[in-house]
Amino acid sequence: MDTQKIYHELGISSAVLGFCRSAEEELKPRFAAIDAIAEYNQAKVVAAMQKNRVSAECFAASTGYGYNDLGRETLEKVYADAFHTEAALVRPQITCGTHALALALAANLRPGDELYSPVGRPYDTLEEVIGIRPCKGSLAEYGITYRETDLLPDGTFDYENIRRSINEKTKLVTIQRSKGYATRPTFSIQQIGELIRFVKELKPGVICMVDNCYGEFTEIIEPSDVGADMIVGSLIKNPGGGLAPTGGYICGTQECVDQCAYRLTAPGLGAELGATLGLMQSFFQGFFLAPTVTASAVKGAIFAASVYEKLGYRCVPSSAETRHDIIQAIELRSKEAMVAFCKGVQSAAPVDSYVTPEPYPMPGYDSEVIMAAGAFVQGSSIELSADGPIREPYAIYYQGGLTWAHAKLGILMSLQKMCDAGLITLPEA
Ligand SMILES: *Cc1c(COP(=O)(O)O)cnc(C)c1O
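**Student:** Looking at this structure, I do not really get the overall build of the protein chain. What am I missing?
**Tutor:** What the protein chain contains, in helices and strands, is 12 helices and 13 strands. Relative to the compact-globule value of 22 Å for 429 residues, the protein chain shows a C-alpha radius of gyration of 22 Å, a close match. Each principal axis of the C-alpha distribution contributes one length, and for the protein chain these read about 65 × 50 × 40 Å. Taken over 429 residues, the protein chain has a buried fraction of 57%. For the protein chain, contacts bridging at least 24 residues in sequence account for 70% of all contacts bridging at least 6. Accessible area for the protein chain stands at about 18,000 Å²; split by element, carbon and sulfur atoms hold 54% of it. Positive and negative side-chain charges of the protein chain, numbering 37 and 50 respectively, have mean locations separated by a distance of 1 Å.

Here it is in structure tokens:
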């Protein structure tokens, strides 16, 4: 086949291709295991769709109040069945992951309650939601207090201090599955299950919520299979399969999801209304594709780690570690390397490939940020993207790829741009 030829036409040298080929060869057994997870999850999603009799009528658009929307109601049953929960709220009106999390928290907490994170500081955007950084409308303004316990230095749970922190006010425990853009490890479902069991033994009635962003379909079970009362995420990450143009989900107990529905619309109205505006086909089809899309992104992450480790860069997680989310951090050790890497990812994109990413100051950051993304859905991080703050250790966060072949192209191009900039010298092929 002329794969080599078309890669050359895209500007990738024989040296880059040769170097990456050996990395890919070594990953074959890992990739087979990822395919097996995708196969299981594909069957799980299809079974949920069949059980709920998904039909063409489900894709019809609704406007106005959106009462009796067959598509919306069926989609929520499909999510609930696939994630083994009593109920689900899956809506285009949920703007993003942060909104879904804020909704789940505000809906299930009342003044005087305490929110508790046993896994350290949550995702950046939640600091304002909680009121760790003061903000209008934060939980703190409503008299909801917050407490957290850091992880131990090795990234495991500090059970001793968790025991001491849970008190009579603790109402909701929030557990972030993915490391997000922090350096701690991402938790496996097994670890999350152990933590939930520990917390519930101390306080049986407490609500356990898991921020499931970036984690969906990386394993064959979800946190809801190990005791989480709510799992929460964004549809422009894994479960939207690259097709959902917006939206978020909350799956969990009927009680928790009802609270969320009353908060999203209005008390007394709840989940009964909400127009779907023609988005249902993309939500259903995206969920159908999500298991294989997630697998492609995980393969891309492992491939990136494998290639860059061989070149002497520290990768978190390492190429050998099991994966529980789709994010790959690579410590590139210089601004120039971050810029070159991002230029490569950008030039591999199907959209905006002609754009040159540049570092720029971003509100809320104390350093410049660089970002490469050429996505069909703006801001989508299940599509191939790379970003990072320009500061020590000059780590680039690489994620996504709707297909494995495209994730691979992104890595090939990143390496090519690093070579072109004289930052890496490969042996001649
Ligand atoms: C992306 C992400 C969020 C926030 O989602 P947005 O859609 O960007 O608002 C929250 N938590 C984690 C772990 C995430 O990865």
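**Student:** Which parts of the structure should I look at to understand the packing of helix α2 (residues 14-26) against helix α12 (residues 404-420)?
**Tutor:** A packed helix pair is summarised by two numbers, namely the angle formed by the two axes and the spacing between the axes. For the pair α2 and α12, the least separation of the axes is 10 Å and the interaxial angle reads 135°. Here α2 is positioned oblique relative to α12, judged by the angle of their axes. Crossing geometry of α2 relative to α12 is assigned as right-handed. In contact with V16, L17, F19, C20 and E24 of α2, α12 contributes W404, K408, L412, L415, Q416 and C419. Here the contact of α2 with α12 is built from residues that sort into eight nonpolar, one polar and two charged.

**Student:** Help me understand the environment of E272, please; the structure alone is not making it clear to me.
**Tutor:** Counting through the fold element by element, E272 comes out in the loop between α9 (254-264) and α10 (280-310). Its relative accessible area of 51% is what places E272 among the exposed residues. Sequence-wise, E272 and V54 are 218 residues apart; in three dimensions their C-alpha atoms are separated by 19 Å. Aside from chain neighbours lying at most four places away, what touches E272 is G66, Y67, N68 and R72.

**Student:** What is the right way to read the state of the cysteines from this model?
**Tutor:** Covalent bonding between the sulfur atoms of two cysteines defines a disulfide. The final tally for this structure, using the stated rule, is zero disulfides. Note on C58: no disulfide assigned, nearest cysteine sulfur contributed by C251 at a separation of 17 Å. Owing to a relative accessible area of 1%, C58 belongs among the buried residues under this scheme. Free cysteine: C419, not disulfide-bonded; nearest cysteine sulfur from C20 at 8.8 Å.

**Student:** Any chance you could explain the pattern of salt bridges here in plain terms?
**Tutor:** Side chains that differ in charge, positive against negative, can pair when their charged atoms come close. Summed over all chains, the structure comprises 20 salt bridges. When the shortest N-O distance is used, the salt bridge between R133 and E127 registers 2.9 Å. Overall, R133 belongs to the partly exposed group, its relative accessible area being 30%.

**Student:** Help me understand the packing of aromatic side chains in this model?
**Tutor:** Both the distance between ring centres and the angle between the ring planes are used here to describe each pair of aromatic rings. Applying the stated rule across the entire model yields 17 aromatic pairs. A centroid spacing of 5.8 Å and a plane angle of 90° characterise the contact between Y79 and F83, whose relative ring orientation is edge-to-face. Overall, the relative accessible area of 0% leaves F83 in the buried class. Note on F341 and Y398: the rings are 6.2 Å apart at their centroids and 85° apart in plane angle, and the pair reads as edge-to-face.

**Student:** How should I be thinking about the site of the ligand in this particular structure?
**Tutor:** Lining the immediate surroundings of the ligand are C96, G97, T98, L101, Y123, Q176, D211, C213, Y214, S234 and K237. Contact distances for the ligand include 2.6 Å between an oxygen atom and a side-chain N or O atom of T98. In isolation the ligand has 370 Å² of accessible area, and contact with the protein removes 89% of it. Considering each element in turn, the shell around the ligand owes the most residues, three residues, to helix α5 (residues 97-108). Of the residues that constitute the shell around the ligand, the class distribution is five nonpolar, four polar and two charged.

**Student:** Mind showing me how you'd approach the pairing of strand β4 (residues 170-176) here?
**Tutor:** Moving residue by residue along a regular strand, the side chains alternate between the two faces of the sheet. Counting buried positions along β4 yields six of seven residues, so the element is predominantly enclosed. Strand direction decides the pairing type here: β4 and strand β5 (residues 207-211), joined by five bridges, are parallel. Each residue of the ladder has a partner; that of T174, found in β5, is M209. A crossover connection joins β4 to the parallel β5 through helix α8 (residues 189-202); in handedness this β-α-β unit is right-handed.

**Student:** Could you clarify how one ought to interpret the sheet that holds strand β1 (residues 87-91) in this entry?
**Tutor:** Taken in spatial order, the seven strands make up an open sheet running β1-β7-β6-β5-β4-β2-β3, and their pairing is mixed. The strands lining the two open edges of the sheet, one partner per strand, are β1 and β3 (145-148). Taken pair by pair, the neighbouring strands of this sheet meet at an average axis angle of 20°, ignoring direction. Pairing geometry for strand β2 (residues 114-117) and β3, over four bridges, is parallel. Following the sheet pairing, L115 is matched in β3 by Y146. Strands in contact with α5 are β1, β2, β4, β5, β6 (230-234) and β7 (248-252); relative to β6, the strand with the most contacts, it is inclined by about 150°.

**Student:** Looking at this model, I keep getting lost on the sheet that holds strand β8 (residues 314-316). Mind explaining?
**Tutor:** What links the strands of a sheet is backbone hydrogen bonding, and the strands pair in either a parallel or an antiparallel sense. Sheet architecture is open: six strands sit in the order β8-β9-β13-β12-β11-β10, paired in antiparallel fashion. Looking at the sheet topology across the chains shown, the edges are occupied by β8 and β10 (360-361). Pairing of strand β11 (residues 368-373) with strand β12 (residues 385-389), which is carried by five bridges, proceeds in the antiparallel orientation. Paired with V369 across the bridge in β12 is P389.

Thresholds, definitions, all that
- Residues numbered from 1 in each chain as written.
- Predicted model: local features only at pLDDT ≥ 70, side-chain atom pairs only at ≥ 80, totals over all residues.
- Heavy atoms only, no water.
- Helix = DSSP H or I, 4+ residues; strand = E, 2+ residues; numbered from the N terminus.
- Rg over C-alpha atoms; globule rule 2.2 N^0.38 Å.
- Buried < 20%, exposed > 50% of the residue type's maximum accessible area, 1.4 Å probe, protein only.
- Contact = heavy atoms within 4.5 Å.
- Areas by Shrake-Rupley, 256 points an atom, 1.4 Å probe, with all protein chains shown as cover.
- Lys, Arg positive; Asp, Glu negative; His and termini not counted.
- Charge placed at Lys NZ, Arg CZ, Asp CG, Glu CD.
- Axes fitted to C-alpha atoms, helices over the stretch in contact; angles between N-to-C directions.
- Parallel < 35°, antiparallel > 145°, perpendicular 65-115°, else oblique.
- Left-handed = near helix turned anticlockwise from the far one by under 90°.
- Nonpolar A, V, L, I, M, F, W, Y, C, P; charged D, E, K, R; others polar.
- Disulfide = S-S within 2.5 Å.
- Salt bridge = Lys/Arg side-chain N within 4 Å of Asp/Glu carboxyl O.
- Phe/Tyr/Trp six-rings, centres within 6.5 Å; stacked < 30°, edge-to-face > 60°.
- Near = heavy atom within 4 Å.
- Polar contact = N/O pair within 3.5 Å; in protein donor to acceptor, adjacent residues only side chain to side chain.
- Pairing = 2+ DSSP bridges.
- Right-handed = clockwise from strand over helix to strand, strands pointing away.

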